[in-house]
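Listed here are the chains, written in short residue letters.
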Amino acid sequence: MGLFDFLKKNSAVQTSLKSRQNETKIQTCTKEVQKLSCSQKEVIIPRAQIKNTVEIEGPPLLSDLIKTATPSRQGLYPHEIMMLEYAPCFKKSNNTFQQFWYYQYSVTEPQSLLESLYNRGFIEVGDLQSALDKLKISEIKDELKLLNLKVTGKKEELINRLFENGDVDYLNKKYKERYFVLTPKGEQELKENKYISYLHRNRYMSVWEMNEKIAQTHYPYRDILWGYFNEQSDKHFQNCDFGLYRNIRLNMHDFLCEEEKYKPAFHLLAEVISYDLSGLGNGYKFILDNKIEKDICLESRLVNFFTSGDEVTLPPGIIKCFESLKAKFDLSDDEFISYVYKEFSEIHIYDRVFNADECANIILSEIGLEKCKIKDSYKVAEQRIRKMSVL
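Residue indices begin from 1 for each chain and proceed along its sequence in written order. Note on the predicted model: pLDDT of at least 70 is required for a residue's local features to be given, and 80 or more for side-chain atom pairs to be given and counted; whole-chain, interface and lining totals, by contrast, use all residues. The basis for every side-chain value is the complete set of non-hydrogen atoms in the structure, without hydrogens or water.

Visitor: Honestly, the layout of surface pockets in this entry has me stumped. Any pointers?
Guide: Where empty space is left becomes clear once a probe the size of a water molecule has been rolled over the atoms. Points on a 1 Å grid, built from protein atoms alone, make a cavity when a 1.4 Å probe fits but cannot get out and make a pocket when they are open with protein on both sides within 12 Å along at least 5 of 7 lines; residues with an atom within 4 Å of a point are the lining residues. Grid points are joined across faces, edges and corners, and a volume is the space filled by probe spheres set on the points. The space that makes up the second largest pocket amounts to roughly 180 Å³. Asn193, Tyr195, Asn211, Ile214 and Ala215 are the residues nearest the centre of the second largest pocket, which is lined by 13 residues in total.

Visitor: I tried to follow the packing of aromatic side chains on my own but got confused; where do I start?
Guide: Aromatic contacts are taken between Phe, Tyr and Trp rings whose centres are within 6.5 Å, Trp giving its six-membered ring; a plane angle under 30 degrees counts as stacked, one over 60 as edge-to-face, and the others as tilted. According to the stated counting rule, one finds 26 aromatic pairs in the structure shown. Ring centres of tryptophan 226 and phenylalanine 229 lie 6.4 Å apart, and the angle between their planes is 85°; this geometry places the pair in the edge-to-face category. Of this pair, tryptophan 226 and phenylalanine 229 both sit in helix H15 (residues 221–238), three residues apart, which is roughly one turn of the helix. In textbook terms, an aromatic cluster arises when at least three aromatic residues are bridged by ring pairs, as seen for Tyr195, Tyr198, Tyr204, Tyr221, Trp226, Tyr228, Phe229 and Phe255. Whether a charge sits over a ring depends on NZ of Lys or CZ of Arg being within 6 Å of the ring centre and within 35 degrees of the ring normal. It is lysine 185 that lies over the ring of phenylalanine 122; its NZ or CZ is 4.5 Å from the centre. Above the face of the phenylalanine 255 ring, arginine 222 is positioned so that its terminal group lies 3.9 Å from the ring centre. Helix and strand definitions follow DSSP, with helices as H or I runs of at least four residues and strands as E runs of at least two, each counted in order from the N terminus.

Visitor: Which parts of the structure should I look at to understand the nonpolar core?
Guide: Burial of nonpolar side chains together is a common tendency in soluble globular proteins. If you look at the biggest cluster of nonpolar residues, it comprises 44 residues, and the most contacted ones within it are Trp101, Leu199 and Leu225. When near neighbours in sequence (up to four residues on either side) are disregarded, tryptophan 101 contacts His79, Met82, Met83, Tyr86, Phe90, Ser106 and Val107. In these notes, a set of buried Ala, Val, Leu, Ile, Met, Phe, Trp, Tyr and Cys residues joined through side-chain atoms within 4.5 Å is what counts as a nonpolar core. Burial here depends on accessible area, computed with a 1.4 Å probe over protein chains only, as a share of the maximum for the residue type. Under 20% is buried, over 50% is exposed, and the range in between is partly exposed. Counting 35 residues, the second largest nonpolar core, distinct from the first, contains Leu269, Leu277, Phe322 and Tyr341. Pairs of residues are marked as contacts when any of their non-hydrogen atoms sit within 4.5 Å.

Visitor: Can you help me understand helix H20 (residues 316–328) in this one?
Guide: The periodicity of an α-helix, 3.6 residues per turn, causes residues three or four positions apart to be oriented the same way. Any helix carries an expected span of 1.5 Å times its number of residues minus one. With 13 residues, H20 ought to run about 18 Å at 1.5 Å a step, and its terminal C-alpha atoms sit 19 Å apart, in line with that. All of the buried residues in H20 are Ile318, Ile319, Phe322 and Leu325. One side of H20 carries all its buried residues, which in axial view fall inside an arc of 125°. Facing away from the buried surface of H20 by more than 90 degrees, the exposed residues are Pro316, Lys320 and Ala327. Along its buried surface, H20 packs onto helix H16 (242–258), helix H17 (262–276), helix H21 (333–345) and helix H22 (356–366). Taking the helix axis as origin, the arc is that swept by the directions to the C-beta atoms.

Visitor: How do you make sense of the packing of H17 against H20 when you look at a structure like this?
Guide: The packing of two helices is summarised by the inter-axis angle and the distance between the axes. Direction vectors running N to C along H17 and H20 enclose 150°, while the axes themselves pass 10 Å from each other. One element, H17, and the other, H20, form an angle in the roughly antiparallel class. Along this stretch, H17 crosses H20, giving a crossing that reads as left-handed. For the pair H17 and H20, the contacting residues are Tyr262, Ala265, Phe266, Leu269, Val272, Ile273 and Asp276 in the first and Ile318, Cys321, Phe322, Leu325 and Lys328 in the second. Note that Gly is not counted as nonpolar here; it falls among the polar residues with everything else outside the nonpolar set of Ala, Val, Leu, Ile, Met, Phe, Trp, Tyr, Cys and Pro and the charged set of Asp, Glu, Lys and Arg. Looking at side-chain class alone, the contact of H17 with H20 contains ten nonpolar, no polar and two charged residues. For every element, the axis is a line fit to its C-alpha atoms; helices are fit only across the contacting stretch, and the angle between N-to-C directions ranges from 0 to 180 degrees. Angular relationships are summarised with four words: roughly parallel below 35 degrees, roughly antiparallel beyond 145, roughly perpendicular across 65 to 115, and oblique for the angles in between. Crossing chirality is assigned from the near helix's rotation relative to the far helix, an anticlockwise turn below a right angle marking it left-handed and a clockwise turn marking it right-handed.

Visitor: Would you mind going over unusual backbone geometry with me for this structure?
Guide: Negative phi characterises most residues that are not glycine, and trans characterises most peptide bonds. A positive phi angle, near 60°, is found at asparagine 94, a position not held by glycine. With respect to the element layout, asparagine 94 can be found in the loop between helix H5 (78–86) and helix H6 (100–103). Its identity is not glycine, yet arginine 203 carries a phi of approximately 60°, on the positive side. When you line up the elements, arginine 203 lands in the loop between helix H13 (194–202) and helix H14 (207–217).

Here is the structure:
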């Protein structure tokens with residue numbers, strides 16, 4: 001049984017509470033929602049209406065975002081720098097663009113943006129190399145086979161082998177499409193604004209928000225992001241939104257691993273595991289305010305953790321992170337076990353399902369270091385929660 005189930009079902013618990021208090025009202029609303037859902041399924045929006053819907057419900061206008069943004073040293077805005085990252089994927093014409101250009105960057109005419117970067121000298125049309133780079137490895141190997149050449153090696157090696165031994169005129173005629181490549185000016189732009197591609201990959205905050213914070217503080221983007229993580233952690237904790245708090249702490253773990261700060265990253269991962277095993281989700285303060293709500297929460301914990309007949313399991317991604325960090329420490333198994341128990345003992349969570357030692361035991365059991373103890377931890381925790389539900 002996955003432990004994220006409890007976090008997901010916490011909103012369902014609150015719905016159940018409201019249902020007990022005002023069942024008739026909920027049933028009426030449900031019928032209205034069902035009617036709306038059925039009607040929406042049958043509606044076919046004429047093409048002419050789609051544009052109006054996008055204008056009303058879409059992202060902010062690019063012109064409005066630019067008004068509050070600060071251009072780079074070479075005069076580019078975030079959306080333009082992001083296009084430099086993707087430019088080698090595009091040709092001079094007949095391109096298909098991903099939807100994120102509109103929904104994340106408010107770009108309605110990405111082809112025009114490419115042409116603008118080309119005219120300003122940030123990109124140029126590539127040569128045969130740009131075309132071969134876009135081929136599948138199998139296609140390059142087929143060309144090498146025709147020349148009775150080796151087909152082993154990485155893609156770059158295969159392309160170089162084809163250049164050195166193949167007929168360039170033949171290849172130029174066969175692979176006519178040319179893709180954009182960055183000029184030195186474009187490469188420098190990406191180098192100076194690494195936060196753009198980083199936030200595009202990780203989505204911790206929008207590039208526009210980061211652009212504004214960099215202009216205000218002049219701090220490195222990673223320092224700004226770390227401060228942002230701490231602000232969000234504090235906000236979610238104060239609101240008792242422990243599921244969201246847990247997610248931010250996992251982001252912070254990933255961030256520290258990138259910087260090879262493995263010990264503080266391990267402590268954050270231990271905190272994430274502790275919250276996964278706590279049974280606490282979002283809006284827990286709401287549950288504490290009413291005895292009926294708290295009773296339902298206890299019942300839900302019993303259902304989610306102890307009635308399936310299976311032992312508790314952690315998400316595979318969390319186990320993989322744990323194993324990855326273990327490999328970074330030069331510790332024997334016994335030393336590592338002691339270290340894990342120590343780290344978990346320093347994490348204090350109110351009203352949790354599994355205590356610190358049990359959390360440590362469960363994660364150690366997942367990687368085969370303490371499998372003999374997991375059933376005891378599981379049984380003791382179940383007895384404790386059942387006793388609480390009776391009180």
